[in-house]
Amino acid sequence: MSDRSKIINIVGARPNLPKIAPIIREMQRRPEIEPLLVHTGQHYDENLSNIFFRQMGIPAPQINLGVGSGTHAEQTGEILKRVEPIFLEQRPDLVLVVGDVNSTIAVSLAAVKMGIPVAHVEAGLRSFDRSMPEEINRVLTDALAEYLFVTEDDAVDNLLREGRPREFIHLVGNVMIDSLLHFLPLAQQSHIGDDLGLRNGKGWEYFGVLTLHRPSNVDSMEKLAELLGAIDTIAQQVPIVFPVHPRTQHRLSQAGIKHHPQLRLIQPLGYLEFLCLLSKATFALTDSGGIQEETTALGIPCLTLRENTERPVTVSRGTNLLVGTNASRIVAAAEQILRGDGKKGQTPPLWDGHAAERIVEILVGAGLRGRRCADVT
Ligand code: UD1
């Protein structure tokens, strides 16, 4: 029998992929670890999933659970059901999950019920807004995991307040920023600037990047129309590139909202193309969690179209401004940036490209072998 610790790493949705890439790369360098990759299939479109694997050199998953889309209960329940036989067959020493999507909580619940320890990467983030599905996923996953890998100080405090033992908590930095720093030179060779006509002989034009997919922003037609009205006003002054998430596309097709030609709706982009655009943008407008962190690492002003954030260090230290969803506030904040008065910031401690190394070092040091899962009855 092998002496290596078998670790099953889980991905499900697009934002999981830049987080898992550096962890898998690091695990593959370590002879003590036998890494396996399981995709739940929560995201399945070419440009929400496959392109990320190719561009980031993530090995093809050994197993794909193929759960697809559904209600929260359907998606979570299907993953629970389909992952249990995989754990029984593979008998891993540890299951590693990232982020806050439905795949994260579903897999964690299946694992702990079988006595398999869970590691959660990006633990402790809290928006304190229980109407967000991700907040529920975060709180529950952190209650189950015994390795809690944390990106920022506030997250440590949140976990301690929730009674998680201090020895479970490890402040290691940010694996998504590992990916950003690793891939930035390659991303900047992308031709996306020429393709979108944002680059001429002299360099890049001023432009904004917009992403919008939170249910609270796009599922209500009224809210979506208000947000796009504000963004349309900004687009009269500066081009805004808007790679549209399928959830949002679905709503837009229903609504038939008209927009200024400088608001450029395009298909979701690959990781490298998006990173290239973000790194050259004048500003970002977003309701994503990850983009708040990426803009802080890149020093690009970010206007977050939400009333709260689970990533407060991007506001206290970084370039992020919470502008909410009020149209006049959004327009005023964008105009301030266009006047050259955008928020400046600093990179948070440990967002240095080495978070995955720290995580894997801790797991190797923990001596996971021998804690095989119990049979389920
Ligand atoms: C999920 C995550 C969210 C994350 C986001 C990134 C949860 C609760 N939410 O939200 O935290 O920020 O991913 O994208 O896990 N669809 C496709 N193709 C796909 C996948 C989805 O067309 O490959 C469409 C389907 O119509 C589906 C809808 O998008 O119903 C929503 O997908 P889902 O996975 O439920 O949630 P996201 O909004 O993507």
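This is a predicted model, so every value here is computed, not measured. (Residues numbered from 1 in each chain as written. Predicted model: local features only at pLDDT ≥ 70, side-chain atom pairs only at ≥ 80, totals over all residues. Heavy atoms only, no water.)

Participant: I tried to follow the site of the ligand on my own but got confused; where do I start?
Facilitator: The environment of the ligand is made up of 19 residues, and the closest members are His43, Tyr44, Glu134, His213 and Arg247. Separating an oxygen atom of the ligand from a side-chain N or O atom of Glu134 is a distance of 2.6 Å. In the model, an oxygen atom of the ligand is placed 2.8 Å from a nitrogen or oxygen of the His213 side chain. Relative to its unbound accessible surface of 740 Å², the ligand loses 85% to contact with the protein. For the shell around the ligand, the secondary structure elements donating two or more residues are helix H3 (72–90) and helix H11 (246–255). Per-class residue counts for the shell around the ligand are six nonpolar, eight polar and five charged. (Near = heavy atom within 4 Å. Polar contact = N/O pair within 3.5 Å; in protein donor to acceptor, adjacent residues only side chain to side chain. Areas by Shrake-Rupley, 256 points an atom, 1.4 Å probe, with all protein chains shown as cover. Helix = DSSP H or I, 4+ residues; strand = E, 2+ residues; numbered from the N terminus. Nonpolar A, V, L, I, M, F, W, Y, C, P; charged D, E, K, R; others polar.)

Participant: Which parts of the structure should I look at to understand the sheet that holds strand S11 (residues 240–243)?
Facilitator: Strand pairing in a sheet is mediated by backbone hydrogen bonds. Such pairs are either parallel or antiparallel. A sheet is described by the order of its strands in space; here six strands give the open sequence S12-S11-S10-S13-S14-S15, paired in parallel fashion. At either margin of the open sheet sits one strand with a lone partner, and together these are strand S12 (263–266) and strand S15 (320–322). If you compare each strand with its neighbour and ignore which way they point, the axes differ by 20° on average. One ladder, built from two bridges, connects strand S10 (residues 208–211) with S11; its direction is parallel. The residue bridging Gly208 from the neighbouring strand is Ile240, located in S11. Of the strands in this sheet, S10, strand S13 (283–286), strand S14 (302–304) and S15 are in contact with helix H13 (residues 290–298), which crosses S13 at around 165°. (Pairing = 2+ DSSP bridges. Axes fitted to C-alpha atoms, helices over the stretch in contact; angles between N-to-C directions. Contact = heavy atoms within 4.5 Å.)

Participant: What is the right way to read the side chain of Asn158 from this model?
Facilitator: As for its position among the elements, Asn158 is in helix H6 (residues 153–161). In contact with Asn158, not counting residues within four places along its chain, are Gly124, Leu125, Arg126 and Phe128.

Participant: Which parts of the structure should I look at to understand the packing of aromatic side chains?
Facilitator: Centre distance and the angle of the planes are the two values used to describe a pair of aromatic rings. On inspection of all chains with the given rule, the structure shows four aromatic pairs. Ring centres of Phe183 and Tyr271 lie 5.8 Å apart, and the angle between their planes is 80°; on these two criteria the pair is classed as edge-to-face. Of this pair, Phe183 sits in helix H7 (residues 175–187) while Tyr271 sits in helix H12 (residues 271–280), and the two are 88 residues apart along the sequence. Given the relative accessible area of 4%, Tyr271 is considered buried. Members of the aromatic cluster, joined through ring pairs, are Phe52, Phe183 and Tyr271. (Phe/Tyr/Trp six-rings, centres within 6.5 Å; stacked < 30°, edge-to-face > 60°. Buried < 20%, exposed > 50% of the residue type's maximum accessible area, 1.4 Å probe, protein only.)

Participant: Explanation requested: the pattern of salt bridges in the structure shown.
Facilitator: Enumeration over the complete set of coordinates arrives at 22 salt bridges. Among the salt bridges present, the one from Arg126 reaches Asp142, with a minimum N-O distance of 2.8 Å. With Arg126 in the loop between strand S5 (118–121) and helix H5 (133–144) and Asp142 in helix H5, this residue pair connects regions lying 16 residues apart in the sequence. Two residues, Glu162 and Arg126, come together in a salt bridge whose shortest N-O distance is 2.7 Å. Residue Glu162 is located in the loop between H6 and strand S7 (169–171), and its partner Arg126 is located in the loop between S5 and H5; the two are separated by 36 residues in the primary sequence. (Salt bridge = Lys/Arg side-chain N within 4 Å of Asp/Glu carboxyl O.)

Participant: Help me understand H13, please; the structure alone is not making it clear to me.
Facilitator: Structurally, the α-helix is built with 3.6 residues per turn, so residues lying three or four positions apart point the same way. Taking burial as the measure, the nine residues of H13 include seven buried ones, the bulk of the element. When H13 is considered as a whole, its buried residues turn out to be Gly290, Ile291, Gln292, Glu293, Glu294, Thr295 and Thr296. At the C-terminal side of H13, Gly299 shows a positive phi close to 75°.

Participant: Whenever I open this one, unusual backbone geometry confuses me. Can you help?
Facilitator: Working note: non-glycine residues mostly have negative phi, and peptide bonds are mostly trans. One non-glycine residue, Phe128, adopts positive backbone phi at about 60°. Tracing the backbone through its elements, the reader meets Phe128 in the loop between S5 and H5. Judged by its relative accessible area of 57%, Phe128 falls in the exposed class. Positive phi is not limited to glycine here, since Leu350 has a value of about 70°. Mapped onto the secondary structure, Leu350 falls in the loop between helix H15 (327–338) and helix H16 (355–365).

Participant: Is there a simple way to explain the side chain of Asp142 in this structure?
Facilitator: For Asp142, a relative accessible area of 0% corresponds to the buried category. In terms of polar contacts, Asp142 uses its side chain to reach the side chain of His120, at 2.6 Å. Ignoring sequence-local partners within four residues, the contact set of Asp142 consists of His120, Ala123, Gly124, Arg126, Leu148, Leu159 and Arg164.

Participant: Is there a simple way to think about empty space enclosed by the protein in this case?
Facilitator: One pass over the full model with this rule turns up one cavity of 30 Å³ or more. For the largest cavity, the calculated volume is near 40 Å³. Taken together, Lys19, Val121, Glu122, Phe149, Thr151, Val172, Gly173, Asn174, Val175, Met176 and Ile359 make up the lining of the largest cavity. (1 Å grid on protein atoms, 1.4 Å probe; cavity = no way out; pocket = protein on both sides within 12 Å on 5 of 7 lines; lining within 4 Å. Points joined across faces, edges and corners; volume = space filled by probe spheres on them.)

Participant: So what exactly am I meant to see when it comes to the pairing of S12 here?
Facilitator: Working note: regular strand, side chains alternate between the two faces of the sheet. Across four bridges, S11 lies against S12 in parallel orientation. Along S12, the bridge assignment pairs Val241 with Arg264. One crossover worth recording links S11 to the parallel S12 by way of H11, and it is right-handed. (Right-handed = clockwise from strand over helix to strand, strands pointing away.)

Participant: Sorry if this is basic, but what is going on with the packing of helix H10 (residues 221–235) against H11 here?
Facilitator: Running from N to C, H10 and H11 cross one another at 90°; their axes reach a closest spacing of 11 Å. Here H10 lies roughly perpendicular to H11, going by the angle between them. Residues Met221, Leu224 and Leu228 of H10 pack against Arg251, Leu252, Gln254 and Ala255 of H11. Of the residues assigned to the contact of H10 with H11, the class counts are five nonpolar, one polar and one charged. (Parallel < 35°, antiparallel > 145°, perpendicular 65-115°, else oblique.)

Participant: Just checking my understanding: could you explain the layout of surface pockets for this structure?
Facilitator: Over the atoms, a rolling probe the size of a water molecule traces out where space has been left empty. In this structure, the second largest pocket spans a volume of roughly 220 Å³. Taken together, 16 residues form the lining of the second largest pocket, with Tyr206, Thr282, Pro301, Ile337 and Gly340 sitting closest to its centre. Looking at side-chain class alone, the lining of the second largest pocket contains seven nonpolar, seven polar and two charged residues.

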